[in-house]
Each structure stands twice: as C-alpha cells, then as structure tokens.
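Residue-level structure breakdown
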Amino acid sequence: MDAKVNQSVDIYSEEQSAAIVSKNTSKVIVIGSGPVGIRFIDELFRHCPESDITLFGDESCKPYNRVQLSALLAGEISREAIDLPLPDQNQFENFSFISSEITDTDRTNKTVTDATGTLYSYSHLVIATGAKAHVPNIYGVERQGIFSFRSLKDTERLYARILRSRHIVVVGGGLLGLEAAKGLLKFNTQVTVVQQGPRLMNRQLDEEAAELLEQEVRSLGINVITDSGVRSVQGFESVTGVVTRNGDDIPCDTVLFCAGITPNIKIARDARLKVSTGIVVNDHLQTSDDSIYAIGECCEHQGTTYGLVNPGYEQAAIAAAIIAKTISAKPYAEKTDTELISQPRYQGSLAISHLKVVGTAVCSLGEVCDLPYRPFQKEVRYRQNKAGEYRKLVVLKGKIIGAVAIGDWPEARRVQEAYQNQRPIKPWQMLRFRFTGKLWGGATNDIHTWPANTI
C-alpha cells in the first residue's frame, strides 16, 4: 500500500513534466478524498472488486473524516481516530491513493494532470471535491486573527490559537458553529456565538426546540447573540473586535467564521462543465459530460445542493452502482432507452438529521419550521421541561411531513421510517403523543412491532 501512496509532491522541471506520462492503468479516477469520495470507492469495490481506481486528495495527509474535526478540536478524540481507512492493498491490488492536486482536465483525451505534471487517463471521472468555508465579504476580514473551520489545517491553527486567545467570536449558529464553539472552550477562553438568523440552527429547529438548545449552549458558558450577524471586523493589523448588524461592539482577539459553505466547483468550471451553485448533475449523477460524475457537497441536483454528509453517501452509492454497470457492459452511448431507464436513479435526498449538538441529542426531519398554511395540517407537541425534552410532529392528511426533537427520543428511528415511507398516523396515536411523547406502545426498539415491509 505504502508504495502506491504518494504523500509528497515531487518537483519536476518543465521539460520533465511535459514528458511524464503515468503508467497507471486505472480507468476510474476519483478527485476528493473526503468521506463521500471514500464511500464511493468502497461501494464500487463492493460491486466490482477488480476495478482500477486512483484516488486524489489535495492535502498532504491521508484521508480523514471532516465531520469529526469539532471533536478533535475539543480534545474528545485523538488525531488518528479521524483517519478514514483506505481499501486494503492486498485485497484490491488496482487501487492507489495520491496526495496531489489536480490542475487540469482534458475531456477530449479523457486525462487529468496533477501538480507534478503527470497525466492519468480515465474512462470514468468522479468529482467529490466537497465545499469550502464561506467567508462573507465584510470590512476587515483580511486581518490577522480571522479563521475558518473546514480542514485539518484549520483545526491545528485554531488549537494553537486557543492558547493565547481570550475572547473568540464564532460567526454562525448552525451545527458547525456550535460544535466549534464548544471545542474552543479551553484555557478560560471566552466564546460568543453570533447568529444572523432568528434562532440557533434556524433551518433545522423551530422556536421551542431552538430555545431549549440555546439554554444548553448557555449552560456551557457560551454567550449567544441571535437575530444579528457581523457587519465589520475592527482592528489595524490584528482583530480587536467586531461590530454586529445591531450596532453593538464586541471586543475580541479572534473571529471564527462558520457561516455556511460554498461548493468547490473550480475543477468543473475549468473543464467547462455546466455549473450553477454547484456542479449540475442529472438523475444518474452525470455532469454535462457523460463520463464525468459529481457527488457530495460540490454537486447540484435539480437546483439543490446538500450541506450534509448523508445525501453524499446516497449519491456515492448510486454513482458506484451506475459506473459498475457501465464498466462491465456496453458503452453508455450504445445503451438502449430501456437499458438507460433501468439504471439506478437519484431522486434527491430527504432532510433527515440525527445529531449530537454540544452534547444534546437533536433530531430534525422534513418540514419543521416556518411552515406555510395548509388545510388538514396539524402540529402536535410534547414537552417535558424537567427532563429538557421537546418533541413535535407535523402531520398532513394523516402522514408525517416533519418532526423535531431535543433530548433523547427512543422512537426517533421509527418516526423516520414512518416519514420516509409515508405511513398513516391515526388520530389516537397523535393524542397519545401529545400526553406521553410516544406514537406507538410496547418496546420501541423491538423491530417485530414495526411494519413487516420495513427495510
């Protein structure tokens, strides 16, 4: 394995670079070594163990799980714990991983060029470049003491910064911002979260759920400012404070932006693929070039980009199944309409989140906040203040279209199953939920009580 893992970028002269042509015979190239790219490779090897795959990552380290960076920052896990396992070289001899940036894509000749000038040919190219942190274009963002939180390098810089920081302002009250804020609570560092929206996690939580979560966040010693945002960063060379949209001055020495993400589409744009907010793909996750696919946060399907990892996993599985069929079958252009229809299709992902936010269990499914008025739509709530539990169901014509909960919810997975498969919910079940927080009786985790056709 080590012989095929290139962890450093060699320097070549221009004449050497032009002459170098990779001897790699891989026909499937994956650009992006994050969780979605790794999942795609695992899925493709599951279908076709003999596949030739080359994985490219543009960081100087082995692949790692970005989702775990906040836990690493908080010191809850070790550096090694976030590493993503690569396929076993003894089992998959045609796999190789290369730490090098892709600098050019030649669609005509179906080759990519890495930072060393080496050319690699492909029959299928999968772009899984993810997204980068969004830093708003406001006054003062170029000052020293401004950070984003997206990569292992960002995490290492932040960890070093905590040692000499006294007050950190985290811009963004979503999942990443809250997890980062928790991780920054070290060495008596004061942390303030500034959220532009009306409440924390305003896209996943309604007002009551967000209120309970805010109480949990404040109990950790984190200051919270909502319905505001940062208008400018103060200081000469280094940060001395921020000014909020409400006109308040907050003295600080560090500002961390966790204000959303922007899909990484540079490779696609340079290759002249169709792009919008993300790399535009069809139901087969193909770009405007049939031999190039895009999955994860970098892709856009039917006008939607997803900022969660689970949709990326779903896309990875579908793309792998499609490519596995094309590898062992006739070329895509030669397929009949019937064969094309029989291909797996991606029809979008449901908004489903089961999270631990600052140590608190949070569940959010479907439509839960800022709901439009609809006939026959009902909202049923259960709240247990002493236990810090809150649950809400949104039911339309007897079927769940949304659910949200703060605190442990034993029925969460079964509620998800009912939501995904549009199981009917009876009026007496809703009445039980209002008083007990449960839709079903008996042992919640006993799958024998679930519908027989549940997968």
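Rules used in this analysis
Residues numbered from 1 in each chain as written. Predicted model: local features only at pLDDT ≥ 70, side-chain atom pairs only at ≥ 80, totals over all residues. Heavy atoms only, no water. Buried < 20%, exposed > 50% of the residue type's maximum accessible area, 1.4 Å probe, protein only. Helix = DSSP H or I, 4+ residues; strand = E, 2+ residues; numbered from the N terminus. Pairing = 2+ DSSP bridges. Right-handed = clockwise from strand over helix to strand, strands pointing away. Polar contact = N/O pair within 3.5 Å; in protein donor to acceptor, adjacent residues only side chain to side chain. pLDDT = per-residue confidence, 0-100. Contact = heavy atoms within 4.5 Å. Axes fitted to C-alpha atoms, helices over the stretch in contact; angles between N-to-C directions. Left-handed = near helix turned anticlockwise from the far one by under 90°. Nonpolar A, V, L, I, M, F, W, Y, C, P; charged D, E, K, R; others polar. Core = buried A, V, L, I, M, F, W, Y, C linked by side-chain atoms within 4.5 Å. Salt bridge = Lys/Arg side-chain N within 4 Å of Asp/Glu carboxyl O. Phe/Tyr/Trp six-rings, centres within 6.5 Å; stacked < 30°, edge-to-face > 60°. Lys NZ or Arg CZ within 6 Å of the ring centre and 35° of its normal.

**Some points on the pairing of strand β11 (residues 190–194)**
Extensive coverage of β11 is indicated by the burial of four of its five residues. Here strand β10 (residues 167–171) pairs with β11 via five bridges, running parallel. Across the sheet, Ile168 pairs through a bridge with Val191, a residue of β11. On the question of chirality, the crossover connecting β10 to the parallel β11 by way of helix α5 (residues 175–183) is right-handed.

**Looking at the side chain of Asp206**
For Asp206, the position within the fold is in the loop between β11 and α6 (207–219). A polar atom in the side chain of Asp206 sits 2.9 Å from the backbone nitrogen of Ala209.

**Section: the confidence of the model for the chain**
Scored by pLDDT, the chain has a mean of 89; 88% of the residues are at 70 or more. The low-confidence segment residues 1–26, where pLDDT is below 50, has 46 contacts with residues more than four positions distant or belonging to other chains.

**Examining the packing of helix α2 (residues 35–47) against helix α8 (residues 309–327)**
At a closest axis distance of 8 Å, the pairing of α2 and α8 adopts a crossing angle of 35°. Considering the relative orientation of α2 and α8, their crossing is right-handed. Contacts from Pro35, Val36, Arg39, Phe40, Glu43, Leu44 and His47 in α2 reach Val309, Gly312, Tyr313, Ala316, Ala317, Ala319, Ala320, Ala321, Ile323, Ala324 and Ile327 in α8. Partitioning the contact of α2 with α8 into residue classes produces 14 nonpolar, two polar and two charged.

**Let's talk about the pairing of β10**
Of all five residues in β10, five are buried; the element is thus mostly enclosed. A two-sided burial pattern is seen for β10, the buried positions comprising His167, Val169 and Val171 on one face and Ile168 and Val170 on the other. As paired elements, β10 and strand β16 (residues 254–257) share four bridges and run parallel to each other. Of the residues in β16, the one forming a bridge with Val171 is Phe257.

**Some details on the nonpolar core**
Soluble globular proteins tend to bury their nonpolar side chains together. Membership of the largest hydrophobic core comes to 52 residues, with the highest contact counts inside it found for Phe40, Phe95 and Ile295. In terms of residue count, the dominant contributor to this core is α8 (eight residues). The residues touching Phe40, leaving out its near neighbours within four places in the chain, are Val28, Val30, Val126, Ile295, Ala316, Ala319, Ala320 and Ile323. If you look at the next biggest cluster of nonpolar residues, it comprises 39 residues, including Ile82, Leu178, Val357 and Cys369.

**What about the sheet that holds β10?**
Adjacent strands of a sheet form backbone hydrogen bonds with each other and so pair up, either parallel or antiparallel. Taken in spatial order, the five strands line up as β9-β16-β10-β11-β12 in an open sheet, and their pairing is parallel. Whereas interior strands pair on both sides, the edge strands pair on one side only; in this sheet they are β9 (146–148) and β12 (223–225). Direction aside, neighbouring strands of the sheet carry axes that sit 20° apart on average. Contacts from helix α4 (residues 152–162) reach β9 and β16 within the one sheet, and its direction differs from that of β9 by about 140°. Where α5 meets the sheet, it contacts β10, β11 and β16, and its direction lies at approximately 170° from that of β11.

**A few points about the pattern of salt bridges**
With the rule as written, the count across this model stands at 18 salt bridges. With its nearest N and O atoms 3.3 Å apart, the salt bridge here joins Arg383 to Glu208. With Arg383 in strand β23 (residues 377–384) and Glu208 in helix α6, the pair connects residues that are 175 residues apart, well separated along the chain. The class for Glu208 is partly exposed, based on a relative accessible area of 26%. Between Glu379 and Lys392 there is a salt bridge; the shortest N-O distance is 3.5 Å. Of this pair, Glu379 sits in strand β23 while Lys392 sits in strand β24 (residues 389–396); the two residues are 13 residues apart in sequence, bridging distant segments of the chain.

**A few points about the packing of aromatic side chains**
In total, this model carries four aromatic pairs according to the counting rule given. When the centroid spacing of 6.3 Å and the interplanar angle of 50° are considered together, the rings of Trp409 and Phe433 count as tilted. A residue pair is termed long-range when its members are at least 10 positions apart, and Trp409 in the loop between β25 (399–406) and α10 (412–420) and Phe433 in helix α11 (residues 427–436) qualify at 24 residues. For Phe433, a relative accessible area of 0% corresponds to the buried category. Feature note: the residues Phe45, Phe92 and Phe95 constitute an aromatic cluster, connected by ring pairs. For the cation-ring pair, Arg39 lies above Tyr313, with the distance from its terminal atom to the ring centre recorded as 3.8 Å.

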